[in-house]
Each structure stands twice: as structure tokens, then as C-alpha cells.
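# Fold and contact review
For reference, the chains in residue letters:
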Amino acid sequence: HVQLVESGGGLVDPGGSLRLSCAPSTPLFGSYINSYANRWYRQAPGKERELVASISRQSGGTSYADSVKGRFTISRHTANNTMYLQMNSLKPEDTAVYYCNLFRPGTDYWGQGTQVTVSS
């Protein structure tokens, strides 16, 4: 199975920034990351997993949860099969475990998650 690995989480003050990265630890099945919808989810304590940002597989367009619009940016680098979530102006309510996901019909890859804690 393809394994996705997130990195870049940590403890940050409110108003600070973090850049999360996600990459498969093994090659994708005859394709690159742009052959999939690229998604970042998060799950806060006691809450359901929430879609934060995505890049459409078909259109390449980006989409964001209302709570992060203007603060977060999702991107991908096909050359190294890496996707990113740049998080700026972080708020305590952004505290969660963040997960990356690659999706296309018949394929749904997840990472183990990386903890983001926003606290002073």
C-alpha cells in the first residue's frame, strides 16, 4: 500500500505560521500526485474529521473551509509528489491533528496525521 507521511506540525503561538508537508513514502501506482484530488483534513479533540482544503483532481481548482479562507493555502509540487498546507494567522481553534489525503475513484490514501497546537 502507498503510505502518506505528514510533517511540519508542532506548537505555535496564535498568529504564527506552520507549513505542513505530505508525500507518499512509496511510489504512486503509475501516476503523480496531480492525478488525485489532494486534500487536507483535520480532527480536533472530540470532533469529527473536517475537510480543510483541497485541490480538485479534474479541474485543479482549490477549495477551502470557510474557517480557513484567507489564512491557509494548499499547493502541490508534482516533481517530488509533495503536497503542502501553508497555515498563517493561526488561531487556537486550528488546533487539531492534520491529515493529508489523495483520492480518485478506487483509491483513497491517508497519512497518519501531524499534530498542530496553537497556544500561547
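Above this text you will find the structure in question.
Residues numbered from 1 in each chain as written. Predicted model: local features only at pLDDT ≥ 70, side-chain atom pairs only at ≥ 80, totals over all residues. Heavy atoms only, no water.

As a further point, take the overall build of the chain. Broken down by element type, the chain carries zero helices and 11 strands. Going from the N terminus to the C terminus, the chain shows its helices and strands as β-β-β-β-β-β-β-β-β-β-β. In terms of overall size, the chain behaves like a compact globule, its C-alpha atoms giving a radius of gyration of 14 Å where 120 residues would be expected to give roughly 14 Å. With the C-alpha coordinates of the chain rotated into their principal frame, the extents come out at 45 × 25 × 25 Å. Among the 120 residues that make up the chain, the fraction classed as buried is 41%. Of the roughly 6300 Å² that the chain leaves accessible, carbon and sulfur atoms contribute 47%. Distance between charge centres in the chain, computed from 11 positive and 8 negative side chains, equals 8 Å. (Helix = DSSP H or I, 4+ residues; strand = E, 2+ residues; numbered from the N terminus. Rg over C-alpha atoms; globule rule 2.2 N^0.38 Å. Buried < 20%, exposed > 50% of the residue type's maximum accessible area, 1.4 Å probe, protein only. Areas by Shrake-Rupley, 256 points an atom, 1.4 Å probe, with all protein chains shown as cover. Lys, Arg positive; Asp, Glu negative; His and termini not counted. Charge placed at Lys NZ, Arg CZ, Asp CG, Glu CD.)

The next thing to look at is the packing of aromatic side chains. Two measures describe an aromatic ring pair: the distance that separates the ring centres and the angle between the ring planes. Taken as a whole, this structure holds two aromatic pairs when the rule is applied. Arranged with centres 6.0 Å apart and planes meeting at 45°, the rings of Tyr36 and Tyr109 form a pair that is tilted. Taken together, the residues span a long stretch of sequence, with Tyr36 in the loop between β3 (18-24) and β4 (37-43) and Tyr109 in strand β10 (residues 107-110) at a distance of 73 residues. There is no split in this pair, since Tyr36 and Tyr109 are both buried. For the cation-ring pair, Arg49 lies above Tyr99, with the distance from its terminal atom to the ring centre recorded as 3.7 Å. The ring of Tyr36 has Arg104 sitting right over it, with the charged end atom 4.4 Å from the ring centre. (Phe/Tyr/Trp six-rings, centres within 6.5 Å; stacked < 30°, edge-to-face > 60°. Lys NZ or Arg CZ within 6 Å of the ring centre and 35° of its normal.)

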